[in-house]
Amino acid sequence: MPPERTAPAPAAQRGQDVIHNIGYRSYEGPRLGRSYARRALFTQSLRGAYGLGRSAKSKVLPMLLFAVVCVPAAIIVAVAVFAKQKELAVGNAEYVLMLQPVIGIYLAAVAPQAISLDLRFKTTPLYFSRPIERGDYVAAKYAALSAALFVFTAVPVLIMYIGALLAKLDFGEQTKFLAQGIVFCALFALLHAGIAGFIAALTPRRGFGIAAIIVTLTIPYFLINALQAIPGPDSHVVGWLGLGSPGTLMDGIQSSFLGGDSQFPYGVKPTGGEGIAYLLVYILLTAGAYLLLTRRYRKAGL
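Residues numbered from 1 in each chain as written. Predicted model: local features only at pLDDT ≥ 70, side-chain atom pairs only at ≥ 80, totals over all residues. Heavy atoms only, no water.

(A) Broad picture of empty space enclosed by the protein. Applying the stated criterion across every chain, the model contains one cavity of 30 Å³ or more. The space that makes up the largest cavity amounts to roughly 30 Å³. Val69, Tyr95, Val96, Leu99, Ile103, Phe152, Thr153 and Pro156 are the residues that line the largest cavity. The set of elements that each furnish at least two residues to the lining of the largest cavity consists of α3 (92-98) and α6 (134-166). No other element matches α6, which puts three residues into the lining of the largest cavity. For the lining of the largest cavity, the class distribution of residues is seven nonpolar, one polar and no charged. (1 Å grid on protein atoms, 1.4 Å probe; cavity = no way out; pocket = protein on both sides within 12 Å on 5 of 7 lines; lining within 4 Å. Points joined across faces, edges and corners; volume = space filled by probe spheres on them. Helix = DSSP H or I, 4+ residues; strand = E, 2+ residues; numbered from the N terminus. Nonpolar A, V, L, I, M, F, W, Y, C, P; charged D, E, K, R; others polar.)

(B) Highlighting the packing of helix α8 (residues 206-228) against helix α10 (residues 246-257). At their nearest, the axes of α8 and α10 sit 7 Å apart, and the two run at 65° to each other. From α8, Thr216, Leu217, Tyr221, Ile224, Asn225 and Gln228 reach across to α10, where they touch Pro246, Gly247 and Thr248. (Axes fitted to C-alpha atoms, helices over the stretch in contact; angles between N-to-C directions. Contact = heavy atoms within 4.5 Å.)

(C) Geometry of the side chain of asparagine 92. Position of asparagine 92 relative to the elements: it lies in helix α3. Residue asparagine 92 is classed as buried on the basis of its relative accessible area, which comes to 14%. If we ignore the near neighbours within four places in the chain, the residues touching asparagine 92 are Val157, Met160, Phe177, Leu178 and Gly181. (Buried < 20%, exposed > 50% of the residue type's maximum accessible area, 1.4 Å probe, protein only.)

(D) Representation of unusual backbone geometry in the model. Positive phi, normally seen in glycine, also occurs at lysine 84, with a value near 55°. Along the chain, lysine 84 falls in the loop between α2 (56-83) and α3. Residue lysine 84 is classed as exposed on the basis of its relative accessible area, which comes to 71%. The residue lysine 168 is not glycine, and still its phi comes out positive at about 60°. Its location among the elements puts lysine 168 in the loop between α6 and α7 (171-202).

(E) Structural detail: the pattern of salt bridges. Tallied over the full model, the rule gives one salt bridge. Aspartate 136 serves as the salt-bridge partner of arginine 38, at 3.0 Å between the closest nitrogen and oxygen. Here aspartate 136 lies in helix α6 and arginine 38 lies in helix α1 (residues 33-48), a separation of 98 residues in the sequence. (Salt bridge = Lys/Arg side-chain N within 4 Å of Asp/Glu carboxyl O.)

(F) A look at the layout of surface pockets. What the largest pocket holds in volume is close to 500 Å³. If you go around the largest pocket, you meet 24 residues; those closest to its centre are Val90, Gly91, Asn92, Phe177 and Asp261. Secondary-structure elements contributing two or more residues to the lining of the largest pocket are α3, α6 and α7. Considering each element in turn, the lining of the largest pocket owes the most residues, seven residues, to α7. By residue class, the composition of the lining of the largest pocket is 10 nonpolar, nine polar and five charged.

(G) Quick look at the environment of phenylalanine 184. For phenylalanine 184, the location among the structural elements is in helix α7. The sequence separation of phenylalanine 184 and isoleucine 253 amounts to 69 residues, and the corresponding C-alpha distance is 8.6 Å. Once you skip the residues sitting within four places of it in the chain, phenylalanine 184 turns out to touch Ala93, Val96, Leu97, Met250, Gln254 and Leu258.

Here it is as structure tokens:
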């Protein structure tokens, strides 16, 4: 006689469809939101522009370039102190414009690091897994690049101001020059950071971004300066040619609105109408670079 079959045990008794408590708990801490995410991204990008929080190798180039822009300023003020000069040999805006090749190299080094590497390694979606949107990401990156470049250019200006006071130059006049220099550095940083950031976002290849930024920010400046020297000092073309590059554009703005000496060939200073044109082109370029950067991330589907 065959053995009697027993009925199968219910599913619940076999351990199926049972939710086990393995210790997970819901998050009960504070939710910091988008503003905190923007600040954190800004701080991280700003620190990265000088290699802070990264390897020692990553600090070498930005710190070396920072020393390159600061040491000549210290030499200028040392000469003024010991020679008892009545004014510094170089103005604030003039000093920044003279260092455009160094500034171009610095931006070429930090902009791809801050922007294009996120595209290359596809880490941008990780940012958007937090309460942060495309506009927050672009604003934080643009602000960080602008702040890094502002520090890069404004610290030498501050060194020159301190040196001028040590040389016992007029306090009120030097303070006025300092204010004009700080405004110039802020305007300079907003424009150049926007251009470098957009170029860096066009390609995930860091090497291509570096080369493109250096070419865009340095070669047109020297080319326009050479072209301006051809017509002669009495030609009105000199002022209008200054609209052709970011560097000469900033030169025209500082000589028209910030009381600086024009660095155009023959010392030609833009006329009133040309100065308005410089300001309008500056606004269009700065706003356009930011909008194009935002559009780039929208086009990439981020």
